[in-house]
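Overview (structure and organization)
Below, each chain spelled out in residue letters.
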Number of protein chains: 2
Amino acid sequence: MVVREDRKEQILDKAVAVFAEKGYYKATTALVAKAAGVTQPYVFHFFKNKEELFNAVIDRAVGRLYDTFMQVEAPADQLAESMGKAFKQILQTNRDVMIMVMQAHAISEPAIRMHVREKFRLMNEVFIAKFEAAGMPNPRAAAGHFLSIGLLITLSDVLELPELLQCEKGCI
Amino acid sequence: MVVREDRKEQILDKAVAVFAEKGYYKATTALVAKAAGVTQPYVFHFFKNKEELFNAVIDRAVGRLYDTFMQVEAPADQLAESMGKAFKQILQTNRDVMIMVMQAHAISEPAIRMHVREKFRLMNEVFIAKFEAAGMPNPRAAAGHFLSIGLLITLSDVLELPELLQCEKGCI
DNA sequence: TATTATTTATTTATTGATAAATAAATGATG
DNA sequence: CATCATTTATTTATCAATAAATAAATAATA
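Described below are features of the structure shown in this document. (Residues numbered from 1 in each chain as written. Chains lettered and ligands numbered in written order. Predicted model: local features only at pLDDT ≥ 70, side-chain atom pairs only at ≥ 80, totals over all residues. Heavy atoms only, no water.)

Right, let's talk about the interface of chain A and chain B for a bit. With 36 residues of chain A at the interface, the matching set in chain B holds 36 residues. Summing both sides of the interface, chain A and chain B together bury roughly 3400 Å²; the carbon and sulfur share of this comes to 65%. The largest share of the area that chain A buries against chain B comes from His105(A), Leu159(A) and Glu168(A), three residues that together contribute 16% of it. Here chain A is connected to chain B by two salt bridges. As a salt-bridge pair, Lys26(B) and Glu109(A) come within 3.2 Å of each other at their nearest N and O atoms. Secondary-structure elements contributing two or more residues to the side of chain A that touches chain B are α1 (4-22), α6 (110-133) and α7 (139-158) of chain A. Of the residues forming the side of chain A that touches chain B, the biggest block, eleven residues, is contributed by α7(A). The residue makeup of the side of chain A that touches chain B, split by class, is 15 nonpolar, nine polar and twelve charged. (Contact = heavy atoms within 4.5 Å. Buried area = accessible area lost by both parts, 1.4 Å probe. Salt bridge = Lys/Arg side-chain N within 4 Å of Asp/Glu carboxyl O. Helix = DSSP H or I, 4+ residues; strand = E, 2+ residues; numbered from the N terminus. Nonpolar A, V, L, I, M, F, W, Y, C, P; charged D, E, K, R; others polar.)

Below, the structure written as structure tokens:
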């Protein structure tokens, strides 16, 4: 027997990996439950439905990404590169989080779509602010480019095509 | 009554829109059938299963993208920009094709994943060759960057967040 | 402190819906 | 009438979600 909040955290914790590996539709609530060590119906004791579960997991995941990027400190001319490295670092330390967030826009469920949209809108705003504060010349362009790198890294990782990131001299 | 091949083409033709709008899992074979003006079970007369249908649709879609990019002619120093514009053009003229291809890697079905992987591997190769032939300095980097722009444009479009592409001076 | 009441955690069993896929029947046409 | 096109009817499987039941923990009270 575990107190409610702990159990909920535990489910959220384990769900990321399931959603990242299987994708929203193939990630059954039974699989999430199993990963968390509880029974399938019990998941619905904490989350109204599967969509709400997913959105809660997304909240945490985006929070993680957010924290990591906010920690990056570098002079304007190196910030973009440092942030890019942070992306690759996250892929190594928190792969599930990255994969899940960077593929979330492919889910057509309206409630999820709306939620994901808001997350990306916010992330973009935050990135622009950070790049701007660092005194970068084109913060909006940099933010967009930064996101696009995240998408490419994820694509490369998911499809197991490292050559997509491979370029001439050290690259990214 | 229509001859077999025509009907098959018709199904493939209509399926793109359904897959693009709904995503693989929410795009039921019934919806595809309805869009093509046939009954649901009849779809299986042309495709062994849903996965095969999807892969066939992807083949066509990638072919379209391929054709469009191959048509782009520009001197080395303007090629990247011209290709970027081609992306945006495709989004306007063949939105479904673009959306579908650029989100296909989020499908976890092994047979589809493998197929999509091969398509991207090939596209990347082709892009590199094109950039190289044009005499661009870093063809691999350019190809990767090019793909990443495609991903970002798609994200921006799907989430209805035009600001992700908005940057300081005209942009992309 | 022993006993009872009440809450909180969790499971088992079940339902209803959806969707892919198969098989059998019907219709058209050369 | 034989062949190809197409539909109707049906099966099977999967899964989210609900409901009912059990077990464990905590609180109340005598």
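That shown, we press on.
Attention now moves to the relation of the copies chain A and chain B. The two copies are related by a screw operation: chain A maps onto chain B through 180° of rotation and 0.0 Å of translation along the axis, at an RMSD of 0.0 Å. Between the two chains, the operation in question is that of a two-fold axis. Closest approach to the rotation axis within chain A is made by the C-alpha atom of Ser148(A), at a distance of 2.6 Å. When the interface residues of chain A are mapped onto chain B, 100% of them are again interface residues, pointing to one common binding face. (Least-squares fit on C-alpha atoms with pLDDT ≥ 70 in both.)

This part takes up the protein's contact with DNA strand D. Taken together, 19 residues are adjacent to DNA strand D, and Thr29(A), Phe44(A), Met1(B), Arg7(B) and Tyr42(B) come closest. Sugar and phosphate atoms represent 69% of those atoms of DNA strand D found within 4 Å of the protein. A distance of 2.9 Å separates a phosphate oxygen of DNA strand D from a polar backbone atom of Arg4(B). Here a phosphate oxygen of DNA strand D and a side-chain polar atom of Tyr42(B) are 2.7 Å apart. Here the residues of the surface near DNA strand D are counted per class, giving ten nonpolar, six polar and three charged. (Near = heavy atom within 4 Å. Polar contact = N/O pair within 3.5 Å; in protein donor to acceptor, adjacent residues only side chain to side chain.)

Our next topic: the protein's contact with DNA strand C. Taken together, 19 residues sit near DNA strand C, with Arg4(A), Arg7(A), Tyr42(A), Thr29(B) and Phe44(B) positioned nearest. Restricting attention to atoms of DNA strand C within 4 Å of the protein, one finds that 65% of them are sugar or phosphate atoms. Here Arg4(A) contributes a backbone N or O atom positioned 2.8 Å from a phosphate oxygen of DNA strand C. One nitrogen or oxygen atom from the main chain of Lys50(B) is found 2.9 Å from a phosphate oxygen belonging to DNA strand C. For the surface near DNA strand C, the class distribution of residues is ten nonpolar, six polar and three charged.

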